[in-house]
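For reference, the chains in residue letters:
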Amino acid sequence: MSEQRVVSLDLLDRAVVRRRATSVVVVAVVVGAAVGGIVGLFAGPPGFLVSFAVLAVPLSLMAFGEARKTYWLDGTQVAARAFGTRRVDLARATRLDVLVTDVRGARTISLLVAGPPKNKALNVALAMYAGTGGRELGVYELRRLADTLAGTGDTRALVLSELLVAQLKSEARGDGAADRPLHRLAALAPSGRLARRLSNEDVARFVATLD
């Protein structure tokens, strides 16, 4: 593939992701050691080691995987790599959904895709908002993603492409984050739930109201 066709889709800087992963590892080790110490009082060193491993190792591996994870667009394929590489061809996707996650007051709106070549699923973050501010994929990245979705001819993909184009127009007008389509769409999801999939019909109705 030509390098010009490859576009990074990482929402957060790698340094930020690594710092967050390091914090998770530190917490996992501290909690694992604390619980292991309590268990060790009754079960001895083997109890400490087992308890520590059960708590600390899975969380540390998860954090390590998140620190390594990176997303990119290569032609019509969205790809992600952590311990291995997963790809979904947008031109043949069997699932195209908008997902909103709400964690400690920060809402992330993502594109959830699944399908060939190996029927994997990927969750590509488009923007993250906290209050009236946040972080969004860059103009070039959103433009390339919008163009790729539009080129598939799929009705769901066309709606999502129009959503991203409206986001770009809003940014070009100088609208604040709270007035941009991705923020407004994320705000439609009910609070108090970790993750919520917005129906394709609801997304289409929302996009139809945009300029």
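Anyway, here's the lowdown on the structure attached to this text. (Residues numbered from 1 in each chain as written. Predicted model: local features only at pLDDT ≥ 70, side-chain atom pairs only at ≥ 80, totals over all residues. Heavy atoms only, no water.)

## Some details on the sheet that holds strand E9 (residues 195–198)
Then, in step 1: Spatially, the 5 strands line up as an open sheet ordered E8-E7-E6-E5-E9, and their pairing is antiparallel. The sheet terminates laterally at strand E8 (133–136) and E9, the two strands that pair on one side only. Between one strand axis and the next, the sheet turns by 30 degrees as a mean value, whatever way the strands run.
Then, in step 2: By the bridge criterion, 4 bridges tie strand E5 (residues 95–103) to E9 in an arrangement that is antiparallel. Bridging across to E9, Thr101 finds its partner in Ala195.
Then, in step 3: This element, helix H3 (residues 155–173), spans E5, strand E6 (106–115), strand E7 (120–130) and E8 of the sheet and lies at about 50 degrees to E5. (Pairing = 2+ DSSP bridges. Helix = DSSP H or I, 4+ residues; strand = E, 2+ residues; numbered from the N terminus. Axes fitted to C-alpha atoms, helices over the stretch in contact; angles between N-to-C directions. Contact = heavy atoms within 4.5 Å.)

## As for the side chain of Thr108
Then, in step 1: Of note, Thr108 is situated in strand E6.
Then, in step 2: Each residue touching Thr108, except ones within four places of it in the same chain, is listed here: Leu99, Val100, Thr101, Ala125, Ala127 and Met128.

## A short note on the packing of H3 against helix H5 (residues 200–208)
Then, in step 1: The interhelical angle for the contact between H3 and H5, taken along N-to-C directions, is 40 degrees, at an axis separation of 10 Å. It follows that H3 is oblique to H5 by the angle criterion. As for the relative orientation of H3 and H5, their crossing is left-handed in sense. Contacts from Arg156, Val159, Leu160, Glu162 and Leu163 of H3 reach H5 at Asn200, Val203, Ala204, Phe206 and Val207.
Then, in step 2: Residues belonging to the contact of H3 with H5 are distributed by class as follows: 7 nonpolar, 1 polar and 2 charged. (Parallel < 35°, antiparallel > 145°, perpendicular 65-115°, else oblique. Left-handed = near helix turned anticlockwise from the far one by under 90°. Nonpolar A, V, L, I, M, F, W, Y, C, P; charged D, E, K, R; others polar.)

## Focus on H5
Then, in step 1: Three or more residues of H5 are buried, namely Val203, Phe206 and Val207. The buried side chains of H5 occupy one side of the element, clustering within an arc of 95 degrees when seen end-on. Along H5, exposed side chains directed more than 90 degrees from the buried face belong to Glu201, Arg205 and Ala208.
Then, in step 2: Residues of H5 that are buried in the fold lie against E5, H3, helix H4 (181–187) and E9. (Buried < 20%, exposed > 50% of the residue type's maximum accessible area, 1.4 Å probe, protein only. Arc of directions from axis to C-beta.)

## Quick notes on the packing of helix H2 (residues 139–150) against H3
Then, in step 1: Contact pair H2 / H3: the axes reach a minimum separation of 8 Å and the direction vectors enclose 155 degrees. On the basis of the axis angle, H2 is roughly antiparallel to H3. For H2 against H3, the interelement crossing comes out left-handed. Residue-level contacts link Val139, Leu142, Arg143, Leu145, Ala146, Leu149 and Ala150 of H2 to Ala157, Leu158, Leu160, Ser161, Leu164, Val165, Gln167, Leu168 and Glu171 of H3.
Then, in step 2: Each residue belonging to the contact of H2 with H3 can be placed in one class, and the counts come to 12 nonpolar, 2 polar and 2 charged.

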